[in-house]
Amino acid sequence: LFLTAARGFKGGGFNGSSFNGENLEFDSEEASTIEFGMKGKFFENTLEFNATIFQTKFDNLQVLAYNGTLFDVENAASATAEGLEVDFRWLTPLQFLSVSGSAGYLDARYDEYDNAPAIVGSGEESQDLGGEPLAKAQRASASLSPEISLPLFGDLGIQISLDLLYAGSQYSDTDLDPNTKIDPYTSYNGRISVADISAAWSITLGDINIIDEKALS
């Protein structure tokens, strides 16, 4: 079991472009976080399992915001991110099969952000995003990776593995324009490896996004 508490900061800076003299500089960002978790091995060390819960509070959160022409860094007032992460690796009773995976839940929201950039084309100068989610903060994520390992002949062996990757909904832009919302999706990766243990070499053939899943970036 472990408990961690920490404080940190990200330095302020300057924006290199401004057409109206505003937002030329931005303040430093400060963060305080607390984390509680566990790491364990079970069932005669055949199962490794780790879990963590956390909360991070940000003051003067630095965000990348569209100013109508370019993207500038500016400070949101405050934000809180809290959630849960777990991961595992299991050596199953079938000696040739192992399974690993992970899952995460994240609730990351602005506590205050009353001068957030308005949605492009809305005609407004700003909007209040207090209580709304942070951009690029996936609500949920998960992975599952079964792997089969079999001998071939001599010192040669083969491994076949598949990755199932789930990504929850998120917004890609700071203004939280509904058109920039990325819906949940699942993608798959696959790999086949042939290795010579004694000679320490391997050849791998892999395919990323096997089913050609399309998602907004």
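Note that the structure is predicted; figures quoted are calculated from it, not measured.

**Some words on the overall build of the chain**
The secondary structure content of the chain amounts to 0 helices and 15 strands. The C-alpha atoms of the chain give 23 Å as radius of gyration, which overshoots the globular expectation for 217 residues (17 Å, by more than 25%). A principal-axis box enclosing the C-alpha atoms of the chain has dimensions of 70 × 40 × 30 Å. Residue burial in the chain is summarised as follows: out of 217 residues, 30% are buried. Within the chain, contacts between residues separated by at least 24 positions form 54% of all contacts whose residues are at least 6 apart in sequence. By element, 56% of the accessible surface of the chain is carried by carbon and sulfur atoms, the whole surface being about 13,800 Å². Positive and negative side-chain charges of the chain, numbering 12 and 33 respectively, have mean locations separated by a distance of 7 Å.

**What to know about the layout of surface pockets**
If you add up the space inside the second largest pocket, you get close to 240 Å³. In terms of lining, the second largest pocket is formed by 14 residues, of which the most central are Val63, Leu64, Ala135, Lys136 and Thr174. When residues of the lining of the second largest pocket are assigned to their parent elements, the largest contribution, 4 residues, is made by strand β5 (residues 47-66). Partitioning the lining of the second largest pocket into residue classes produces 10 nonpolar, 2 polar and 2 charged.

**Quick look at the sheet that holds strand β4 (residues 29-42)**
Strands belonging to one sheet form pairs held by backbone hydrogen bonds; the direction of such a pair is parallel or antiparallel. With respect to topology, 9 strands assemble into an open sheet ordered β1-β4-β5-β6-β7-β10-β11-β14-β15, the strand pairing being antiparallel. The outermost strands of the open sheet, each flanked by one partner alone, are β1 (2-10) and β15 (201-207). The average undirected angle you get between the axes of adjacent strands in this sheet is 15°. In this structure, strand β11 (residues 156-167) lies alongside strand β14 (residues 185-196), joined through 12 bridges in antiparallel fashion. Across the sheet, Tyr166 pairs through a bridge with Thr186, a residue of β14.

**Things to note about the pairing of strand β6 (residues 71-91)**
Note on strand geometry: in a regular strand, side chains alternate between the two faces of the sheet. Summarising the sheet, β5 and β6 pair through 19 bridges and their orientation is antiparallel. Looking at the pairing, Asn50 lines up with Asp87 of β6. Taking the residues that link successive antiparallel strands as the turn, the β6-strand β7 (residues 97-112) hairpin has 5 residues.

**Digging into the packing of aromatic side chains**
As enumerated under the stated definition, the model contains 1 aromatic pair in all. Their ring planes at 50° and their centres at 4.9 Å tell us that Tyr110 and Tyr113 sit as a pair that is tilted. The burial state of Tyr110 is the same as that of Tyr113; both residues are buried.

**Section: a negative patch on the surface**
A cluster of acidic side chains, namely Glu30, Asp59, Asp111, Glu112, Asp114, Asp128 and Glu132, defines a negative patch on the protein surface. Here Glu30 shows up in strand β4. Relative accessible area serves as the criterion here: at 38%, Glu30 is assigned to the partly exposed category.

**Topic: the pattern of salt bridges**
Enumeration according to the criterion identifies 4 salt bridges in this entry. Between Arg109 and Asp107 there is a salt bridge, with the nearest N and O atoms lying 2.9 Å from each other. Asp107 sits in the buried class, given a relative accessible area of 17%. Taking the shortest distance from any N to any O, the salt bridge between Asp163 and Arg191 comes out at 2.6 Å. Of this pair, Asp163 sits in strand β11 while Arg191 sits in strand β14; the two residues are 28 residues apart in sequence, bridging distant segments of the chain. Each of Asp107, Arg109 and Arg139 takes part in a single network of salt bridges with overlapping partners.

Criteria and cut-off values
The numbers attached to residues start from 1 for each chain and follow its sequence in the written order. Only residues with pLDDT of 70 or above have their local features reported here, since the model is predicted, and side-chain atom pairs are shown and tallied only from 80 upward, although totals for entire chains, interfaces and linings are computed over all residues. To get the side-chain values, take all heavy atoms of the structure and skip hydrogens and water. Under the scheme used here, helices are H or I runs from DSSP no shorter than 4 residues and strands are E runs no shorter than 2 residues, and both carry numbers assigned from the N terminus. Taken over C-alpha atoms, the radius of gyration is set against a globule rule of 2.2 Å times the number of residues to the power 0.38. With a 1.4 Å probe rolled over the protein chains alone, any residue whose accessible area is under 20% of its type maximum counts as buried; one over 50% counts as exposed, and the rest are partly exposed. Here, two residues are considered to be in contact whenever any of their heavy atoms come within 4.5 Å of each other. For the area figures, the Shrake-Rupley method with a 1.4 Å probe applies, and any residue is considered shielded solely by the protein chains shown. Residues scored as positive are Lys and Arg, those scored as negative are Asp and Glu, and His as well as the terminal groups of each chain are ignored. By convention, the point assigned to a charge is CZ for Arg, NZ for Lys, CD for Glu and CG for Asp. The way it works is a 1 Å grid over only the protein atoms, where trapped points that fit a 1.4 Å probe form a cavity and open points with protein on both sides within 12 Å along at least five of seven lines form a pocket, and then any residue with an atom within 4 Å of a point lines it. Grid points are joined across faces, edges and corners, and a volume is the space filled by probe spheres set on the points. Three classes are used, and their members are as follows: Ala, Val, Leu, Ile, Met, Phe, Trp, Tyr, Cys and Pro are nonpolar, Asp, Glu, Lys and Arg are charged, and the others, Gly among them, are polar. At least two DSSP bridges between two strands are needed for those strands to be called paired. Axes here refer to lines fitted to C-alpha atoms; in helices the fit is confined to the stretch in contact. Angles between the N-to-C directions go from 0 to 180 degrees. Two rings belonging to Phe, Tyr or Trp (six-membered ring only in the last case) form a pair when the distance between their centres is within 6.5 Å. Interplanar angles under 30 degrees mark stacking, angles over 60 mark edge-to-face geometry, and anything in between is tilted. Patches here: salt-bridge-free residues with over 30% relative accessible area, like charges joined within 9 Å, nonpolar side chains (Val, Leu, Ile, Met, Phe, Trp, Tyr) joined within 5 Å. The term salt bridge refers to a side-chain nitrogen of Lys or Arg lying within 4 Å of a carboxyl oxygen of Asp or Glu.

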